[in-house]
Amino acid sequence: MTSYTAPLKDMAFLLHDVLKIDASDIPGYADLDRGFTAAVLEEAGKLATDVLEPLNAVGDREGCTLENGVVRTPTGFKAAFDQLREGGWPALDCDPAYGGQGLPYLMGTAVGEILVSANMAFNMYQGLTHGAYSAIHAHGTDAQKALYLPKMVTCDWTGTMNLTEPHCGTDLGLMRTKAEPQADGSYKITGTKIFISAGEHDMADNIIHLVLAKAPGGGEGTKGISLFIVPKFLVNADGSLGARNSLAVGKVEHKMGIHGNATCVMNYDGATGYLLGDLHKGMRAMFTMMNEARLGVGLQGYAVAEAAYQNAVAYARDRLQGRAITGAENPSGPADPLIVHPDIRRSLMDQKSFVEGARALTLWAASLIDRGHRTGDAAAEGLVSLMIPVIKGFQTDRGFEMAVQAQQVWGGHGYIEDNGVSQFVRDARIAQIYEGANGVQALDLVGRKLTQDGGKHVMAFFEMVKAECKAHDADPRMAAFTEPLKQASKAMQAAGMFFMQNGMKNPNAALAGSYDFMLMMGHVCMGLMWTRMAAAASQALDAGGGDDAFLTTKIATGRYYMARQLPACAMHLARIESGADPVMALAAEAF
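We now turn to the structure provided with this report.

Basis of the calculations
- Residues numbered from 1 in each chain as written.
- Predicted model: local features only at pLDDT ≥ 70, side-chain atom pairs only at ≥ 80, totals over all residues.
- Heavy atoms only, no water.
- Helix = DSSP H or I, 4+ residues; strand = E, 2+ residues; numbered from the N terminus.
- Rg over C-alpha atoms; globule rule 2.2 N^0.38 Å.
- Buried < 20%, exposed > 50% of the residue type's maximum accessible area, 1.4 Å probe, protein only.
- Contact = heavy atoms within 4.5 Å.
- Areas by Shrake-Rupley, 256 points an atom, 1.4 Å probe, with all protein chains shown as cover.
- Lys, Arg positive; Asp, Glu negative; His and termini not counted.
- Charge placed at Lys NZ, Arg CZ, Asp CG, Glu CD.
- Salt bridge = Lys/Arg side-chain N within 4 Å of Asp/Glu carboxyl O.
- Pairing = 2+ DSSP bridges.
- Axes fitted to C-alpha atoms, helices over the stretch in contact; angles between N-to-C directions.
- Parallel < 35°, antiparallel > 145°, perpendicular 65-115°, else oblique.
- Left-handed = near helix turned anticlockwise from the far one by under 90°.
- Nonpolar A, V, L, I, M, F, W, Y, C, P; charged D, E, K, R; others polar.
- Expected span 1.5 Å × (residues − 1).
- Core = buried A, V, L, I, M, F, W, Y, C linked by side-chain atoms within 4.5 Å.
- Phe/Tyr/Trp six-rings, centres within 6.5 Å; stacked < 30°, edge-to-face > 60°.
- Lys NZ or Arg CZ within 6 Å of the ring centre and 35° of its normal.
- Polar contact = N/O pair within 3.5 Å; in protein donor to acceptor, adjacent residues only side chain to side chain.
- Disulfide = S-S within 2.5 Å.

Some remarks on the overall build of the chain
- The number of helices and strands found in the chain is 18 helices and 11 strands.
- For the chain, whose C-alpha radius of gyration is 24 Å, the value lies close to the compact-globule estimate of 25 Å for 591 residues.
- Its C-alpha atoms give the chain principal-axis dimensions of about 80 × 60 × 55 Å.
- Looking at the chain as a whole, 58% of its 591 residues are labelled buried.
- For the chain, long-range pairs separated by at least 24 residues make up 73% of all intrachain contacts whose partners lie at least 6 apart in sequence.
- Carbon and sulfur atoms make up 55% of the accessible area of the chain, which amounts to about 23,600 Å² in all.
- Taken as two groups, the 50 positive and 63 negative side-chain charges of the chain have centres that lie 4 Å from each other.

Spelled out as structure tokens, the structure:
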């Protein structure tokens, strides 16, 4: 069986030594001293280890079942959800005006990692609720916020997002779900939505569905789409529950992974809905959820990899197999442990350096979201917008690869379901697909985000990298970080120049290279994070009084990433500069 322990020391290092949150000018950060963040994360770690992780295999084994229109969640899920609510965890970073605790989004993100690592499928019930809460909080009327948010903050009511239909996924302009206006200002929603995570379950009194639909007069394509609040049970003016709405679960999908989360087909048959935000502006309101959801999915990418890595390390230490090529390291035993072998070390270093770099990138992005929301800093919001497709796409691609590598450390035993390691691979796979498949993230990055606001956000990113390298010119210890980062940044700039020179006359030249560009930028971001972590670790070593073993390990792990992973940028540049011809050479009928 598997196990999980929250990486509290690593989180504390990032929050306080790298991000230096208690010295930040972001409102609310001054209260986040080491003692406070440690207390919050330690409690989250206890919940994860003692309650949620043991249910991970249960959820995988039992799945969710549909009985007479009601979805039954796996054994123990409801009691654990009650415990989650009682601890106030869903309310952590929500608005105090609606019962939230008002902590920064950064703290919600850090806690979210711990809960995802322990039980990804379980955490999705509250994670999607937070996204729906955010959309209503940003776009709802005062009456809507007062009616729905207090119960959603506590997760007494949960939330969903309904976009996809059987005939359309990413291309929402093909949507058929209709919204017919009624005399009382409400709408009748009719249509079918698929792949609705947590669409029905037995852990909350009500489920608040946010549904995209087309209302009359909106025209064709996505411009005609509106967003509606469609509760499972209608809510009376005093907040009490009324009649059951005209919606039902048509099916619970049988999936490759995340079995403990109910992925539903939702049928709306003239269900009562209420416009959220402006008419025919539903995509703008929905993207309030989508950006948060995509960062959350990027977090899932490395959080599952963290759990897989922990179990791979434990197995590599215990499993006796062969002898070290340089001589026996366990002479009293029949063989040496796997961890002595260089190829196992390579795999573990791949996993460790990815997870720690991705954690840094995600927490940094969360701090930028806080800066944007709490100070109105448009530059921070623009930088996050640029980063979102990279965080989602790169981290889920690499996270899945790292889960596979962890399984590979286990060898044949990793392929046996009873050992639990295969679940990490199956659960991690979906993160590459939902909330916008990774190919779509790459198209969004190259097609929209690079040129957003005249390209000033990507230029600001390049300047940030340049400044980081320049800041360490006088420290020879940092050359192993700054020199590879400079080269990787130059490769990324060269790729951007290729797009500029070729994209207009041959758009396929840019689109054929978009996926490589996303991966390249992911590596550059990771290189930037590792440079910052190495600098912070070196400064802490110089100051003395720290955990020298932890700090030297951090620097060595970063050196590995810079030496073994960052050179991939040169490969991605070569692919990009090959243009569209190799990709588009075959006619469609030749496949």
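So, the pattern of salt bridges
- Going through the model one piece at a time under the given rule, you end up with 33 salt bridges.
- Measuring nitrogen to oxygen at the nearest pair gives 4.0 Å for the salt bridge that ties Asp142 to Lys145. Of the two residues, Asp142 and Lys145 are both situated in helix α6 (residues 142-153); the distance of 3 residues between them amounts to about one turn of the helix.
- Between Arg359 and Glu306 there is a salt bridge whose closest N-O contact spans 3.1 Å. Taken together, the residues Arg359 in helix α8 (residues 342-375) and Glu306 in helix α7 (residues 282-318) connect sequence positions 53 residues apart.
- Through salt bridges with shared partners, a single network forms among Asp10, Glu113, Glu306, Lys352, Glu356, Arg359 and Lys554.

With respect to the pairing of strand β11 (residues 263-276)
- Burial within β11 is extensive, with 10 of its 14 residues counted as buried.
- Note that strand β5 (residues 187-197) and β11 share 9 bridges and pair antiparallel. Across the sheet, Thr190 pairs through a bridge with Asp269, a residue of β11.
- As paired strands, strand β7 (residues 225-231) and β11 are joined by 3 bridges and run antiparallel to one another. What sits directly across from Ile229, in β11, is Tyr274.
- The pairing of strand β10 (residues 247-252) with β11 spans 5 bridges and is antiparallel. Looking at β11, one finds that Val249 is bridged to Met266.

Topic: the packing of helix α3 (residues 77-86) against helix α5 (residues 120-139)
- The N-to-C vectors of α3 and α5 enclose an angle of 50°; their axes lie 11 Å apart at closest approach. When the interaxial angle is binned, α3 and α5 end up oblique. Note that α3 runs across α5; the crossing there is right-handed. Between α3 and α5, the residues in contact are Phe77, Ala80, Phe81 and Leu84 and Phe122, Tyr125 and Gln126, respectively.
- Each residue belonging to the contact of α3 with α5 can be placed in one class, and the counts come to 6 nonpolar, 1 polar and no charged.

What about unusual backbone geometry?
- Its identity as a non-glycine residue notwithstanding, Ala198 has a phi of 60°, on the positive side.
- With respect to the element layout, Ala198 can be found in the loop between β5 and β6 (206-214).

Quick word on α8
- Counted at 1.5 Å a residue, the expected span for α8 with its 34 residues is 50 Å, and the 48 Å between its end C-alpha atoms agrees.
- The element α8 is largely enclosed, with a buried count of 25 among its 34 residues.
- In the segment just after α8, Gly376 is the residue with positive phi, at about 75°.

Some points on the nonpolar core
- The biggest cluster of nonpolar side chains holds 188 residues, and the ones touching the most others in it are Phe461, Phe517 and Met521.
- A total of 18 residues in this core trace back to one element, the largest contributor, which is α7.

With respect to helix α9 (residues 378-409)
- The terminal C-alpha atoms of α9 lie 45 Å apart, and with 32 residues this matches the ideal 46 Å at 1.5 Å per residue to within 8%.
- Of all 32 residues in α9, 26 are buried; the element is thus mostly enclosed.
- Backbone geometry just after α9 places Gly411 at a positive phi near 60°.

Focus on the packing of aromatic side chains
- Counted according to the given criterion, the structure contains 8 aromatic pairs.
- When the centroid spacing of 6.3 Å and the interplanar angle of 65° are considered together, the rings of Phe498 and Phe499 count as edge-to-face. Accessibility classification places Phe498 together with Phe499 in one group, the buried group.
- Among the aromatic residues, ring-to-ring pairing joins Phe77, Phe81 and Phe122 into one connected group.
- Against the face of Phe400 rests Arg429, its NZ or CZ located 5.6 Å from the ring centre.

Description of the packing of helix α15 (residues 514-543) against helix α16 (residues 548-564)
- Between α15 and α16, whose axes approach to 9 Å, the crossing angle comes to 150°. Considered as vectors, α15 and α16 are oriented roughly antiparallel to each other. Taken as a pair, α15 and α16 cross one another with a handedness that is left-handed. Here His523, Met526, Gly527, Trp530, Thr531, Met533, Ala534, Ala537, Ser538, Ala540 and Leu541 of α15 lie close against α16, whose contacting residues are Asp548, Leu551, Thr552, Lys554, Ile555, Thr557, Gly558, Tyr561 and Met562.
- Partitioning the contact of α15 with α16 into residue classes produces 11 nonpolar, 7 polar and 2 charged.

Comments concerning the side chain of Glu306
- Among the residues examined, Glu306 registers a relative accessible area of 6% and is labelled buried.
- A polar side-chain atom of Glu306 sits 2.6 Å from a polar atom in the side chain of Gln310.
- For Glu306, the side chain forms a polar contact with the side chain of Arg359, separated by 3.1 Å.
- In this view, Glu306 contacts Tyr4, Pro7, Glu113, Ser117, Val355 and Arg359; residues no more than four positions away in its chain are not counted.

Quick look at the pairing of β6
- The buried count for β6 comes to 9 of 9 residues, which makes it a mostly enclosed element.
- Covered by surrounding structure in β6 are Asn206, Ile208, Leu210, Leu212 and Lys214 together with Ile207, His209, Val211 and Ala213, the residues of both alternating faces.
- Across 6 bridges, the pairing between strand β3 (residues 157-162) and β6 is parallel. Residue pairing for β6: Trp157 is matched across the bridge by Asn206.

Considerations on the state of the cysteines
- One pass over the full model with this rule turns up 0 disulfides.
- Cys64 forms no disulfide, and the closest cysteine sulfur to it belongs to Cys264, at a distance of 7.7 Å.
- For Cys168, which is in no disulfide, the shortest distance to another cysteine sulfur is to Cys264 and amounts to 18 Å.

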